[in-house]
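# Results of the structural survey
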Amino acid sequence: MATATGLLGAIADVGVDRARGGFSRHGFDRSDLTLREWFVAEAAARGLDVEVDRNGNLWAWWGRPGPDAVVTGSHLDSVPGGGAFDGPLGVVSALAAVDELRARGFVPSRPFAVVVFAEEEGGRFGVPCLGSRLLAGTLDPDAARRLRDQDGTTLAEAVRAAGLDPDRLGRDDEALSRVGRFVELHVEQGRGLVDLGRPVGVASSILAHGRWRFRFTGEGNHAGATPIGDRHDPMLPASHLVLAARGAAAAVPGARATVGRVVPVPGGTNVIASTVDVWLDARAADDRTTRSLVEDVTAAAREAAAAEGCRVEVTEESYGDTVVFDPGLRDDLAAVLGGAPALPSGAGHDAGILAARVPTAMLFVRNPTGVSHAPAEHAEPDDCEAGVAALVSVLEHLAGG
Ligand code: HGY
Ligand code: MN
Ligand code: MN
Ligand code: MN
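Conventions adopted
- Residues numbered from 1 in each chain as written.
- Chains lettered and ligands numbered in written order.
- Predicted model: local features only at pLDDT ≥ 70, side-chain atom pairs only at ≥ 80, totals over all residues.
- Heavy atoms only, no water.
- Donors = N, O, S within 2.8 Å, 3.2 Å for Na, K, Ca; no water.
- Helix = DSSP H or I, 4+ residues; strand = E, 2+ residues; numbered from the N terminus.
- Buried < 20%, exposed > 50% of the residue type's maximum accessible area, 1.4 Å probe, protein only.
- Near = heavy atom within 4 Å.
- Polar contact = N/O pair within 3.5 Å; in protein donor to acceptor, adjacent residues only side chain to side chain.
- Areas by Shrake-Rupley, 256 points an atom, 1.4 Å probe, with all protein chains shown as cover.
- Nonpolar A, V, L, I, M, F, W, Y, C, P; charged D, E, K, R; others polar.
- Axes fitted to C-alpha atoms, helices over the stretch in contact; angles between N-to-C directions.
- Parallel < 35°, antiparallel > 145°, perpendicular 65-115°, else oblique.
- Left-handed = near helix turned anticlockwise from the far one by under 90°.
- Contact = heavy atoms within 4.5 Å.
- Salt bridge = Lys/Arg side-chain N within 4 Å of Asp/Glu carboxyl O.
- Lys, Arg positive; Asp, Glu negative; His and termini not counted.
- Core = buried A, V, L, I, M, F, W, Y, C linked by side-chain atoms within 4.5 Å.
- Pairing = 2+ DSSP bridges.

## Here's the deal with the coordination of the manganese ion (ligand 3)
For a metal with four donors in a tetrahedral arrangement, the ideal angle between donors is 109.5 degrees, while six donors in an octahedron ideally sit at 90 or 180 degrees. The coordination sphere of the manganese ion (ligand 3), as far as protein atoms go, consists of His 75 (NE2), Asp 86 (OD) and His 186 (NE2), spread over 2.1 to 2.2 Å. We note that the donor set of the manganese ion (ligand 3) lies within a single chain, spaced as H-x10-D-x99-H. The metal-metal distance between the manganese ion (ligand 3) and the manganese ion (ligand 2) comes to 3.5 Å, with Asp 86 coordinating both. Note that His 75 is positioned in strand S5 (residues 69-75) and His 186 in strand S7 (residues 179-187), a separation of 111 residues in sequence. Look at His 75 and you get buried, because its relative accessible area is 0%.

## Focus on the site of ligand 1
Near ligand 1, the surroundings consist of Asp 86, Glu 120, Glu 121, His 209, Arg 283, Ala 347, Gly 348 and His 373. In this structure, an oxygen atom belonging to ligand 1 sits 2.7 Å away from a main-chain N or O atom of Gly 348. Relative to its free-state accessible area of 210 Å², ligand 1 is covered by the protein chains to the extent of 97%. The residue makeup of the shell around ligand 1, split by class, is one nonpolar, three polar and four charged.

## Points about the packing of helix H9 (residues 235-250) against helix H10 (residues 287-307)
Put simply, H9 and H10 touch, their axes get as near as 9 Å, and they point 155 degrees apart. In terms of axis orientation, H9 runs roughly antiparallel to H10. For the pair H9 and H10, the sense of crossing is right-handed. Contact residues: Pro 237, His 240, Leu 241, Ala 244, Ala 245, Ala 248 and Ala 249 in H9; Leu 293, Val 297, Ala 300, Ala 301, Ala 304 and Ala 305 in H10. A per-class count over the contact of H9 with H10 returns 12 nonpolar, one polar and no charged.

## Details of the pattern of salt bridges
Enumeration over the complete set of coordinates arrives at 20 salt bridges. Across the salt bridge formed by Arg 283 and Asp 281, the nearest N and O atoms sit 2.7 Å from each other. In this structure, Arg 283 and Asp 281 share a single accessibility class: buried. Of the charged contacts in the structure, one is a salt bridge between Arg 291 and Glu 316, with a shortest N-O distance of 2.8 Å. Highlighted residues: Arg 291 in helix H10 and Glu 316 in strand S14 (residues 311-320), separated in sequence by 25 residues.

## Some remarks on the side chain of Glu 119
In this fold, Glu 119 is placed in the loop between strand S6 (112-117) and helix H4 (130-136). Within the buried core, Glu 119 has no salt-bridge partner, and the shortest N-O distance to an opposite charge, that of Arg 124, equals 6.7 Å. Separated by 2.9 Å, the side chain of Glu 119 and the backbone nitrogen of Arg 124 make a polar contact. Contact partners of Glu 119, with chain neighbours within four places excluded, come to His 26, Gly 27, Asp 77, Arg 124, Phe 125, Gly 126, Val 127, Pro 128, Cys 129 and Leu 130.

## A short note on the nonpolar core
Generally speaking, nonpolar side chains in soluble globular proteins are found buried as a group. If you look at the biggest cluster of nonpolar residues, it comprises 52 residues, and the most contacted ones within it are Phe 39, Leu 89 and Leu 363. Residue contacts for Leu 89: discarding those within four places in its chain leaves Ala 4, Leu 8, Leu 185, Val 187, Val 365 and Cys 384.

## Some details on the sheet that holds strand S9 (residues 208-217)
Taken together, four strands build an open sheet; the order of strands is S11-S13-S9-S14 and the sheet is antiparallel. The open sheet has two free edges, formed respectively by strand S11 (256-265) and S14, since each of these has just one partner strand. Across the sheet, the axes of successive neighbouring strands diverge by a mean angle of 15 degrees, strand direction being ignored. Looking at chain direction, S9 and S14 are connected through nine bridges and run antiparallel. Pairing of Phe 216 across the sheet is with Val 312, part of S14.

As far as function goes, none of this settles anything; it's purely spatial.
Below you can see the structure in the form of structure tokens.
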């Protein structure tokens, strides 16, 4: 019978990015497609019938599909240089849970599926939870089709190359109507369980979270021939934005603001950039706080741009309001797990998207480093197996007699 740790070991080399020291698997790219094929083979080996929905999400059915199915799973894609557990732990734990349930002679009393959502990190096309947002109808399919990766490939081209019809991307009520309950197991991205001394917890909420692109336009010129007073260097307001983001978030309890990606064009060492794109990831406990934080940062960016004789255009690329998981289901599962603690999540998840449409819960597995979206992300084998055991108990409870 497979263990979560064993299955993670089976995929440990897929998408390793030596330069970044972590994993880089992004929506429908080669390593993502390789891992999706691995999942389909593992599901088939368990007698699960795999369907790919119109948005590229994979559904492995134990018995006939829906309605009122119990569904568990997560994602397989990563951020650039990501850790080994964020996403894959939920998928491999679901497969290991199927093995354990089968070994107990368990037969689901209702339809049952393991799901893998597409492009959860938005690492290629810039919108997090892409597959689950399209499924739920919270992302416009026309806008989605036009999303481009860093090479200029559109999502439409990428899904077509993956064997899907881009014209069918979009809300999928039929697929969603099959889901009666969704439970996502995920490595904790933080130290809550470490501080509590517990291996497994349940999720209470997810921060409101959005991504904004700031495009600063100045005047490309020569690094040596251009006197400082004659410059319109977009890198200046870009730099102000980074500092303003940190200052704005530091002033608001629990808020986060991050600039992890800056793209100067043309990007030459001896060239004053003509444009600089800066992406802001902002999060806070509620919608009003998040938007107010972004307004402050935007005002600072506009002021800095004007001072340097540059232009700035701001584009909201994704946004999701605070998620509060169904307290009834949360507490029911916590009880099934013998009083597992409830924890907030600073990280977004597909479960946060599904929660708007179906009763949804999350299980967290202890991460001793508390680090995520980096190679130091970790979960001990014993805790991974405790997560599988917890998922088995929850699935037996939800899909039992
Ligand atoms: O960015 C997030 O919070 C998630 O890991 N996609
Ligand atoms: Mn992540
Ligand atoms: Mn994740
Ligand atoms: Mn020259």
